[in-house]
Amino acid sequence: DALPTELSRRKNEIIDTSYDLNKISFYSECDIHIGYRVHAHLFFLSERKPSILINEDGRGSGFIELLGESGIDGYKVFSLTKSLYKTQNKNYMRLAKRIIRFAKSDEEISKMITGKLDQYLQSGFKDLDKVYDKIDLFYQDMKRFVDCIE
C-alpha cells in the first residue's frame, strides 16, 4: 500500500489496464512503467523508456532472464516447488504451480521498486542500455525470420 499511496500523494494516476487493449492507448504518453504486465514492459523498453516488471510467475521471470535484467519477484518459490519442477513430471509440475504463492508484502515490493528506481537514477538509466541492445538484436533476428517466410 505504501507505493500507491505515495504515487497518489504526488498526483500520479494508477491505471488498471487488464482485460481490455483499449485501456493501453495512453502508454505512449507515459515516461515509465511499473507493473505486472509483461507486454507493457516490452513495449516501454522497445520505446527506450524505463520499465520495472514485477514478476507474478515464471513467465515474467523468464522474460527478465532472457533480457539479462534483474527483476522483482512478487512471489516466493518454496524449496518443495523447486524440487517438483526439477522432476519434469507434468503432474508434479502442475502441483508446483499451485504451490507458488504471492508471499511478498506490498511493503517489500515497494522497497524493491524504490531501490530499482534509485539504481536507475544513479546510473542515469544507463543500466538499461544492455537491455535496449538485446532488444535490437532480437528485433533484427525476428525481422530476418519474418522476411524469410514472406
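What comes next is a walk through the structure. Since we're looking at a predicted model, the values are computed, not measured.

**Things to note about the nonpolar core**
Phase 1 of the analysis: With 15 residues, the main nonpolar core has Leu45, Leu67, Ile72 and Ile113 as its most contacted residues.
Phase 2 of the analysis: Looking at this core, the elements with two or more residues in it are β2 (51-55), α3 (58-67), α6 (106-122) and α7 (129-149).
Phase 3 of the analysis: Leaving out residues up to four positions away in the same chain, leucine 45 has contacts with Ser51, Leu67, Glu69, Leu128, Val131, Tyr132 and Ile135.

**Points about the environment of serine 25**
Phase 1 of the analysis: Within the element layout of this structure, serine 25 appears in the loop between α1 (2-9) and β1 (33-35).
Phase 2 of the analysis: Among the polar contacts made by the side chain of serine 25, one reaches the main-chain carbonyl oxygen of asparagine 22 at a distance of 3.4 Å.

**Re the packing of aromatic side chains**
Phase 1 of the analysis: Taken as a whole and assessed by the stated rule, the structure comprises five aromatic pairs.
Phase 2 of the analysis: When the centroid spacing of 5.9 Å and the interplanar angle of 35° are considered together, the rings of tyrosine 27 and phenylalanine 43 count as tilted. One end of the pair, tyrosine 27, is in the loop between α1 and β1; the other, phenylalanine 43, is in helix α2 (residues 38-46), and 16 residues separate them in sequence.
Phase 3 of the analysis: A relative accessible area of 8% means that tyrosine 27 is categorised as buried.
Phase 4 of the analysis: Taken together, Phe26, Tyr27, Phe43 and Phe44 form an aromatic cluster joined through their ring pairs.

**Considering α7**
Phase 1 of the analysis: Helix length check: α7, at 21 residues, gives a terminal C-alpha distance of 31 Å against a target of 30 Å (1.5 Å per residue), a fit within 8%.
Phase 2 of the analysis: Within α7 the residues assigned to the buried category are Val131, Tyr132 and Ile135. Viewed end-on, α7 has its buried residues packed into an arc of 90°, placing them on one side of the element. Set apart from the buried face of α7 by more than 90 degrees, the exposed residues are Lys130, Asp133 and Cys148.
Phase 3 of the analysis: Those residues of α7 hidden inside the fold are in contact with α2 and α3.

**Brief notes about unusual backbone geometry**
Phase 1 of the analysis: Residue arginine 48 is not a glycine yet carries a positive backbone phi of 60°.
Phase 2 of the analysis: Along the chain, the position of arginine 48 falls in the loop between α2 and β2.
Phase 3 of the analysis: Overall, the relative accessible area of 35% leaves arginine 48 in the partly exposed class.
Phase 4 of the analysis: Not every positive phi belongs to a glycine, and phenylalanine 125 is a case in point at roughly 65°.

What counts and what doesn't
- Residues numbered from 1 in each chain as written.
- Predicted model: local features only at pLDDT ≥ 70, side-chain atom pairs only at ≥ 80, totals over all residues.
- Heavy atoms only, no water.
- Core = buried A, V, L, I, M, F, W, Y, C linked by side-chain atoms within 4.5 Å.
- Buried < 20%, exposed > 50% of the residue type's maximum accessible area, 1.4 Å probe, protein only.
- Helix = DSSP H or I, 4+ residues; strand = E, 2+ residues; numbered from the N terminus.
- Contact = heavy atoms within 4.5 Å.
- Polar contact = N/O pair within 3.5 Å; in protein donor to acceptor, adjacent residues only side chain to side chain.
- Phe/Tyr/Trp six-rings, centres within 6.5 Å; stacked < 30°, edge-to-face > 60°.
- Expected span 1.5 Å × (residues − 1).
- Arc of directions from axis to C-beta.

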